[in-house]
Amino acid sequence: MATQHSRSVARLMMAPAVVLLLGWMLVPLTMTLYFSFKKYLPLRGGDLGWVGFDNYVRFVSSSSFWPAVQATLMIVGGVLVITVMLGILLAMLLDQPMWGQGVVRILVIAPFFVMPTVSALVWKNMFMDPVNGLLAHLWRFFGAEPISWLSEASMTSIIMIVSWQWLPFATLILLTAIQSLDSEQLEAAEMDGAPVLKRFYHIILPHLSRAITIVILIQTIFLLSIFAEIFVTTGGAFGTRTLTYLIFQRVLESQNVGLGSAGGVYAIILANIVAIFLMRIVGKNLDA
Amino acid sequence: MGRIQLKSVTKSFGDVQVIPPLDLTIEDGEFTVFVGPSGCGKSTLLRLIAGLEDITSGSIDIDGSDATDVPPAKRGLAMVFQSYALYPHMTVRKNIAFPLRMAKLDQVEIDKRVEGAASVLNLTDYLDRRPGQLSGGQRQRVAIGRAIVREPAAFLFDEPLSNLDAALRVGMRLEISELHERLATTMIYVTHDQVEAMTMADKIVVLQAGVIEQVGSPLELYRTPRNLFVAGFIGSPKMNFIEGPEAAKHGAQTIGIRPEHIAVSETEGEWSGIVSVSEHLGSDTFFHVHETGLAETITVRADGEVGFRHGDRIHLTPRVDVIHRFDAQGLRIE
């Protein structure tokens, strides 16, 4: 199969795709780097020449930089904890034989099909509205003062919305993993005298470790760049300005492309640091 | 110790009764084999004894006390599964130690018992490996090791050798038999392979569709099968069944003659026929003979040196003293 000839043909035929993907990555990256070293204000004079590392220094020394990093990590961390924990519980629940299993599974996956903008708007207007929202009605039903979620508990609200969107993904991956667990292993553990919780801890959880790793890695990549949920709810106010949102504000609201590009480079570095951490903590699960 | 008694035990899945009322006593220290074709309920019966399935009615006594509602872990039984069911993320040492850790034994005792089991089963060099790095036979031994460290009242084996290749199976068969001799603990062993049943058992329980067809020692079953099913199931190659006038001569609906109880001759015999297939195993030769004037093809076992080939005419003489006779219901006539 893999003769010298077929291998070189394979390389030749893969080349267009590789070149395209490489260009797709390299062009924006190079342009970001290029602009990050320029003073470029589209509505206030355009390209005003090279400024060295000026943009980088200004971006970091801005009073909104560290709060933005903190907000980003809080959202990512909060959503990961909630989706993984609830995901494991839901997956185990859905693994039980029950009537209408197929329909229930599709319903559980449904939130993943809703566009982020739409789901954030639905949450904002239907659930979290302090006057007409469902949650406000619920609070009033119990005689409590409704919370204006997005201003008083802005971070919690956003974590709730994003968790709702990503829970189906975690559940789906974990469910397939749970289904692949050999039921004889659980029976053996039962005979060996392990009660339910110990069976979960010693058999189910280790079996899920690889799936949990995958969920964490994939979700982190996507959660670092969430934008629509913040844009349509708080608009970055009340301490919910993430790094992604800060960059957006620098480029489009302040019309400072150079400063925003420098922020973009920081975001790339941050994402890589997180990725290295994750790979070191959980990467060994992937080799086994 | 390990006396297990089933009293009119039944099991139904929904409306389907897979085990009609069944009584069985397994004596302490006995090696009992449940044997039957696939789907006969033998594994279900084992799982009922283990407590992994609830019985629908009846009761199970272990050591003279009622264990019907006792959870599996408290029954004092250890089980070896068909897939071995080792914990893949734990080393061999941790696998074997798992039941002891669950029983909250102290570490010194755990180490002692694990080392003991490992040396008995030749696993000492593999204690720090994971199940994925072991061969089929070694995994099987780890599963047995996990069972013996608990010092159970009885061992339950669910087709433990069916995933091994033929050579390894013979070896493990001997090892399990030796283990039984040494531990003298009750063992219940489920298999569909009558050779395993014959070679290992003190007592064989032949099951068909959840019903016990016969209980007895291997030779009892071989010499005096109670009905056609047991006669056909025990022994290899299968017993020849002959119906019609030939059977009527012996005053039976059906007569059964084992292939090894028919003499082969080139010149004379009671029946004469043509060899259709001859299987030369070296030690034995099996001839499948047709056109004997009987409706059935007759299988005959002869010495390995007998060299008839396809198409040869041979003469057969059954040994009259070992002909099994069965009536219209398929039951044995004494």
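Residues numbered from 1 in each chain as written. Chains lettered and ligands numbered in written order. Predicted model: local features only at pLDDT ≥ 70, side-chain atom pairs only at ≥ 80, totals over all residues.

Visitor: Looking at this structure, I do not really get helix α5 (residues 166-183) of chain B. What am I missing?
Guide: Count 3.6 residues to each turn of an α-helix, and residues three or four apart come out pointing the same way. In a regular helix each residue adds 1.5 Å, so 18 residues correspond to 26 Å; α5(B) covers 26 Å between its end C-alpha atoms and thus fits that length. One or two positions beyond α5(B), positive phi appears at A184(B), with a value near 50°. (Helix = DSSP H or I, 4+ residues; strand = E, 2+ residues; numbered from the N terminus. Expected span 1.5 Å × (residues − 1).)

Visitor: Help me out: how do you make sense of the UniProt feature "domain: ABC transporter" (unreviewed entry) in chain B in this one?
Guide: Taking the UniProt record as the reference, the feature "domain: ABC transporter" (unreviewed entry) is found at residues 4-234 of chain B. Helix makes up 36% of residues 4-234 of chain B and strand makes up 26%, while its end C-alpha atoms are separated by 25 Å. (UniProt positions renumbered as here; feature names shortened; annotations may be inferred.)

Visitor: Looking at this structure, how should I read the sheet that holds strand β17 (residues 313-318) of chain B?
Guide: The strands that make up a sheet pair up through hydrogen bonds in the backbone, lying either parallel or antiparallel. Residues and elements named next belong to chain B. A sheet is described by the order of its strands in space; here 5 strands give the open sequence β13-β17-β14-β15-β16, paired in antiparallel fashion. The open sheet terminates on both sides in strands that have one partner only, identified here as β13 (262-265) and β16 (298-303). Each strand of the sheet is rotated relative to its neighbour by a mean of 45°, with strand direction disregarded. Here 4 bridges tie β13 to β17, and the two strands are oriented antiparallel to one another. Across the sheet, residue S265 finds its bridge partner in β17, namely H315. (Pairing = 2+ DSSP bridges. Axes fitted to C-alpha atoms, helices over the stretch in contact; angles between N-to-C directions.)

Visitor: Quick question: what am I supposed to make of the sheet that holds strand β18 (residues 324-326) of chain B here?
Guide: All names here are of chain B. Ordered in space as β11-β12-β18-β19, the 4 strands form an open sheet in which the pairing is antiparallel. Each edge of the open sheet carries a strand with a single partner, namely β11 (240-243) and β19 (332-333). Judged from the 2 bridges that link them, β18 and β19 form a sheet pairing that is antiparallel. Within the sheet, the bridge partner assigned to F326 lies in β19 and is R332.

Visitor: Explain the domain arrangement of chain B here, please?
Guide: By a widespread convention, an interface's size corresponds to the accessible area lost as its parts come together. Residue and element names in this part refer to chain B. Here chain B is partitioned into domain 1 (4-231) and domain 2 (239-333). Spacing between the C-alpha centres of domain 1 and domain 2 amounts to 37 Å. Taken together, the contact between domain 1 and domain 2 spans 6 residues of the former and 9 residues of the latter. Of the residues contributing to the side of domain 1 that touches domain 2, the split by class is 3 nonpolar, 2 polar and 1 charged. (Domains from an automatic or database assignment. Contact = placed C-beta atoms within 7 Å. Nonpolar A, V, L, I, M, F, W, Y, C, P; charged D, E, K, R; others polar.)

Visitor: Please clarify how the pairing of strand β1 (residues 4-13) of chain B should be interpreted in this entry.
Guide: The side chains of a regular strand alternate between both faces of the sheet. Residue and element names in this part refer to chain B. The sheet contact formed by β1 and strand β4 (residues 57-62) spans 5 bridges and is antiparallel. Each bridged residue has a counterpart across the sheet, and for K7 the counterpart in β4 is S59. Here β1 runs beside strand β2 (residues 16-26); their pairing, made up of 7 bridges, is antiparallel. Looking at the pairing, V9 lines up with L22 of β2.

Visitor: I tried to follow the nonpolar core on my own but got confused; where do I start?
Guide: Grouped burial of nonpolar side chains is what soluble globular proteins tend to show. One finds V33(B), F34(B), I49(B), M79(B), A143(B), L156(B) and I188(B) to be the most contacted residues of the largest nonpolar core, which totals 88 residues. When near neighbours in sequence (up to four residues on either side) are disregarded, I188(B) contacts I26(B), T32(B), F34(B), L46(B), I49(B), A154(B), L156(B) and F157(B). Residues F59(A), M128(A), W166(A) and I226(A) belong to the second largest nonpolar core, which totals 45 residues. (Core = buried A, V, L, I, M, F, W, Y, C linked by C-beta atoms within 7 Å. Buried ≥ 20, exposed ≤ 12 C-beta atoms within 10 Å, placed from the backbone.)

Visitor: Honestly, the interface of chain A and chain B in this entry has me stumped. Any pointers?
Guide: Of the residues lining the interface, 13 residues belong to chain A; the matching set on chain B comes to 15 residues. At the level of elements, α9 (183-191) and α10 (196-223) of chain A are the ones that each hand at least two residues to the side of chain A that touches chain B. At 6 residues, α9(A) tops the list of elements feeding residues into the side of chain A that touches chain B. Looking at side-chain class alone, the side of chain A that touches chain B contains 5 nonpolar, 2 polar and 6 charged residues.

Visitor: What is the right way to look at the environment of E53(B) in this model?
Guide: All names here are of chain B. Mapped onto the elements of the fold, E53 is located in the loop between α1 (42-50) and β4. Residue classification places E53 among the partly exposed positions, given that 18 C-beta atoms sit within 10 Å. Once the C-alpha coordinates of E53 and P72 are considered, the two residues, 19 residues apart in sequence, prove to be 9.2 Å apart. The residues contacting E53, other than those within four sequence positions of it, are K11, T44, R47 and L48.

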